[in-house]
Amino acid sequence: MITRMKVNAEEIKSNLDELAQAALCSALKVLFSETEKKLFVRAEHSTSSADKNKILDQIHHLKRTAEQFERGFIAQSSLPEKTPSNNWYRLYKNRALAIQIEDMISHARAKFGIELAQYESRIKWLNKNYPDLIPDNLYTLPALVTAYLIHTALFDSVTQENLVRILGHQFLNKLEPMYILMNDLLIQNGALPEIKSMRKGGGSSALDDLLEEMALSEASLSEELLQSRTMAKADVLVQLQGILAAGEQLLPKKSTWTAEAFYRALLKHLSTAEQPAELAPKETETVMLTGTIFSGMLNDRLINPLIKTQIAQLQAAILYTALFDDGFLSLAKHPARAVLNKLAIIGSDPAQNAETLKKIPPLIDAFLLNAAKESPPNFEPLLAAITTADQGEFRAPQSSDEVQPTQAQTLISRSQQRVGELVRQEGGSQTLHPVSRQFVEQILAPFLVHILMAHGRQCSEWTQGLNLLQELIEADNHPGSAKKILASISHVYELVDYPFFHADGVSVDLFGSAIAQIVEHLESIRSRVNEVALADEASAKSAPAHTAAVAAASPPAPAPVVSALAQKSPTDVAPSASPVQAITAHAPTPADSPKPAPKTETPTPPPPVESQPTVELCRFSLETMADPRTRAFMQRFVLNGDWLQIFTADGAALRRLKAHQINQELGTINFSNRNGEIALVLPLVQFFDDLALGRSHPVFDNAAFSKALAQLVEALDAEQP
């Protein structure tokens, strides 16, 4: 006999409210965050400033109203209506969306399954026994949807419709853990409803039994029919052996190669006019996986077309091996898979010479001739021949006693060669400072090797590393403005934030020393650029004053003779007279001309100063950033989670990011994107200077921010000498 626990309904209600409030608040935060991200993406891609301002207003309204929506939704969910209406059209006047809401609830019920059913059963039992304490439909799906739809009226019509459309996959589908926890809580507190008997009590009719037997018979007949049409694996292997002997390809090499097309091509070869071929599920899966392997290689644009052609010729041999030997898919070191991997590595190597590529087709042709006579094809001689061809000379394979490099070691060696070749190509005839060269060899080159091996050349980290290499070369040979050098320093800090530099295999001492030296080197270049800019600016200012002083010290010059010529008509001078003869003809006579003044040496004016590009110097220093007033301002108005428009360079678009962290020791500030990932690192002095100049600012206007910034800048400027 089971003794039921004494149920404390008031305590159960309190615990359920606490659990549900935590789960619902978390789901709503994710919901509003995703909605805000989508609106930001729309604003970024909008070409009309009016549409962009309208979307930003929607985001602002969403942020202001989200908290009110959350409070009202939680309050109504904890005390729902006695019988929530399932007429969603009455709550939201859109018949199409009302049907979608019903589908969302049905999908959530199917996903939650037994957990939701048990929870609803226990809530009904508690409401039946404690109607004053436990409301009917407490935190059930209809009650939550009803409260959700009622409170979406707080938003504008566009935002309201968007929130209703994402109700299912962004909110309801994330509530399964809540029902699991509330079920456990109800069980621990003794809320155990009666369990229905599972015994068949005679309610089953003869008609139901007959229908069940017919369904079972139909299923067995379908299975037997499928087995009768399925082609045996041995017959498939015989057909593939014939394809190998004829030297045919199952699917010709195309620009787009898919596993489905490979499977259909095989069935076409196996079918006859009387009987279409079908494969068993296991063989079908093997063919599809093999086709996927070929698809990945033949669609790869980085592999040389000559090597792709040779890979395509191995279709029948590889498929025969995959069907004959289960180890092809389960063993990574299977000889057939090793051949494909080796060909892909050779074909994707940009530094591979043409001589090596020309050696591959004869090897494949010789292998296919022997494969038609073997069962299964032996890929080990082909692997050894391709390996020796790639090493530059044909020699006998090494004995098993000799240590051969592993595939990982070969891949690392190839990646290092590629990165070294890229570094040489980027540098060209230009030279690197020893500090920059040390940074490239110890930090940047290993990083590029890691990225090449782990992610490939299409990722953003690869581009980031190459851009930093180019910036270092330009800084050592043709340094630009101080602002550009500051950007290079920030790119160094961005690079070293990558997790690769914080792994166990990286030497901490070597890593820290190389970073400190390159930053110090770039700072020295920046200082020299600033000094040159200041000297050019000073010389530009002194040039007009010097010219004026020289002009004042010189004696008055006689009236120019050419001016008299200019005042006369063109007929006063003979047309055939040269410019020199014309000037002589109209020169004053010796009697009329005054006595020549004593000849004095006129000082030569300085050459005109070429206009130099203006270099913007930061008004503030790191000591200013350590000031308590500056730190308080940054903590209140910058690190508060609001979106900022970040200035990075002249002519570049502003970046919309959030301030993530300030590193006072390094003097940098990190910014994160919508996913919380670090997307930008800037020197703290540069960012504060951009704030003071109004180039960086919050996305939404903030009067308190503007006033506090103006007061702080005024106070700091007054204290500077």
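Residues numbered from 1 in each chain as written. Predicted model: local features only at pLDDT ≥ 70, side-chain atom pairs only at ≥ 80, totals over all residues. Heavy atoms only, no water.

So, about the overall build of the protein chain. Along the protein chain, the regular secondary structure elements total 30 helices and seven strands. Across the 721 residues in the protein chain, those meeting the buried criterion constitute 39%. Residue pairs at least 24 apart in sequence account for 72% of intrachain contacts in the protein chain once pairs closer than 6 positions are excluded. Here the protein chain has roughly 41500 Å² of accessible surface; of this, 55% comes from carbon and sulfur atoms. (Helix = DSSP H or I, 4+ residues; strand = E, 2+ residues; numbered from the N terminus. Buried < 20%, exposed > 50% of the residue type's maximum accessible area, 1.4 Å probe, protein only. Contact = heavy atoms within 4.5 Å. Areas by Shrake-Rupley, 256 points an atom, 1.4 Å probe, with all protein chains shown as cover.)

Looking now at the nonpolar core. Ranked by internal contacts, the top residues of the largest apolar core, which has 59 residues, are Leu 24, Phe 73, Tyr 148, Phe 171, Leu 172, Leu 175 and Tyr 179. Every element with two or more residues in this core is listed here: helix H1 (9-45), helix H2 (49-78), helix H4 (95-112), helix H5 (114-129), helix H6 (141-151), helix H7 (157-165) and helix H9 (176-188). Here this core takes 13 residues from H1, the largest share from any one element. Filtering out sequence-adjacent residues up to four positions away, Tyr 179 remains in contact with Phe 112, Glu 115, Leu 116, Tyr 119, Tyr 139, Thr 140, Leu 141 and Leu 144. Counting residues in each nonpolar core, the second largest holds 53 residues, with Leu 240, Trp 257, Phe 262 and Val 287 among its members. (Core = buried A, V, L, I, M, F, W, Y, C linked by side-chain atoms within 4.5 Å.)

This part covers helix H21 (residues 434-454). For H21, with 21 residues, the first-to-last C-alpha span of 29 Å sits near the 30 Å given by 1.5 Å per residue. For H21, the complete set of buried residues consists of Val 435, Ser 436, Phe 439, Val 440, Ile 443, Leu 444, Ala 445, Phe 447, Leu 448, Val 449, Ile 451 and Leu 452. (Expected span 1.5 Å × (residues − 1).)

Time to look at the pattern of salt bridges. The full count for this structure, using the stated rule, is 13 salt bridges. The partner of Asp 326 in a salt bridge is Lys 282, and the shortest N-O contact between them spans 3.9 Å. A residue pair is termed long-range when its members are at least 10 positions apart, and Asp 326 in the loop between helix H15 (315-324) and helix H16 (327-330) and Lys 282 in helix H13 (residues 281-298) qualify at 44 residues. When its relative accessible area of 51% is taken as the criterion, Lys 282 is described as exposed. The partner of Glu 719 in a salt bridge is Arg 629, with the nearest N and O atoms 2.9 Å apart. Residue Glu 719 is found in helix H30 (residues 703-719), and its partner Arg 629 is found in helix H28 (residues 628-638); the two are separated by 90 residues along the sequence. (Salt bridge = Lys/Arg side-chain N within 4 Å of Asp/Glu carboxyl O.)

Axis separation between helix H14 (residues 305-312) and helix H18 (residues 354-371) bottoms out at 10 Å; the angle between their running directions is 10 degrees. On the basis of the axis angle, H14 is roughly parallel to H18. Between H14 and H18, the residues in contact are Leu 306, Ile 307 and Gln 310 and Leu 357, Ile 360, Pro 361 and Ile 364, respectively. A per-class count over the contact of H14 with H18 returns six nonpolar, one polar and no charged. (Axes fitted to C-alpha atoms, helices over the stretch in contact; angles between N-to-C directions. Parallel < 35°, antiparallel > 145°, perpendicular 65-115°, else oblique. Nonpolar A, V, L, I, M, F, W, Y, C, P; charged D, E, K, R; others polar.)

Pairing is antiparallel in the open sheet, where five strands are placed in the order E6-E5-E4-E3-E7. Only two strands of the sheet have a single neighbouring strand rather than two, namely strand E6 (678-683) and strand E7 (697-698). With two bridges joining them, strand E3 (residues 643-646) and E7 adopt antiparallel strand pairing. By the bridge assignment, Leu 644 is partnered in E7 with Pro 698. Against the sheet, helix H23 (residues 482-496) engages strand E5 (668-672) and E6, with an angle of about 135 degrees to E6. (Pairing = 2+ DSSP bridges.)

Right, let's talk about the environment of Ile 345 for a bit. Along the polypeptide, Ile 345 turns up in helix H17 (residues 335-347). Using a relative accessible area of 17% as the deciding quantity, one classes Ile 345 as buried. Here the alpha-carbon distance between Ile 345 and Asn 304, two residues 41 residues apart in the chain, equals 10.0 Å.

What follows is about H6. Residues lying three or four places apart along an α-helix face the same way, a consequence of the helix completing one turn every 3.6 residues. With respect to burial, H6 is a largely interior element, 10 of its 11 residues being buried. Taken together, the buried positions of H6 are Leu 141, Pro 142, Ala 143, Leu 144, Val 145, Thr 146, Ala 147, Tyr 148, Leu 149 and His 151.

Further remarks concern the packing of aromatic side chains. Remark: the centre distance and the inter-plane angle together describe each pair of aromatic rings, the angle taken between the planes. With the rule as written, the count across this model stands at 19 aromatic pairs. With a centroid separation of 6.2 Å and 15 degrees between ring planes, the pair formed by Tyr 320 and Phe 324 is classed as stacked. Of this pair, Tyr 320 and Phe 324 both sit in helix H15, separated by four residues, roughly a single helical turn. Assessed through its relative accessible area of 4%, Tyr 320 is described here as buried. We classify Phe 324 as partly exposed; its relative accessible area is 43%. (Phe/Tyr/Trp six-rings, centres within 6.5 Å; stacked < 30°, edge-to-face > 60°.)

Looking at where Thr 356 falls in the secondary structure, it is placed in helix H18. Looking at Thr 356, the relative accessible area reads 4%, which means it is buried. The residues contacting Thr 356, other than those within four sequence positions of it, are Ala 389 and Asp 390.

With that out of the way, let us pick up the pairing of E5. Among the five residues in E5, five count as buried, and that is most of the element. Summarising the sheet, strand E4 (residues 655-663) and E5 pair through five bridges and their orientation is antiparallel. For Lys 658, the partnering residue across the bridge sits in E5 and is Ser 672. A loop of four residues connects E4 with E5, the two strands running antiparallel in sequence, and Gly 667 in this loop sits at a positive phi of about 70 degrees. Two strands pair when backbone bridges link them, and E5 and E6 are joined in this way by five bridges, in the antiparallel orientation.

Any functional reading would require information that these geometric values do not contain.
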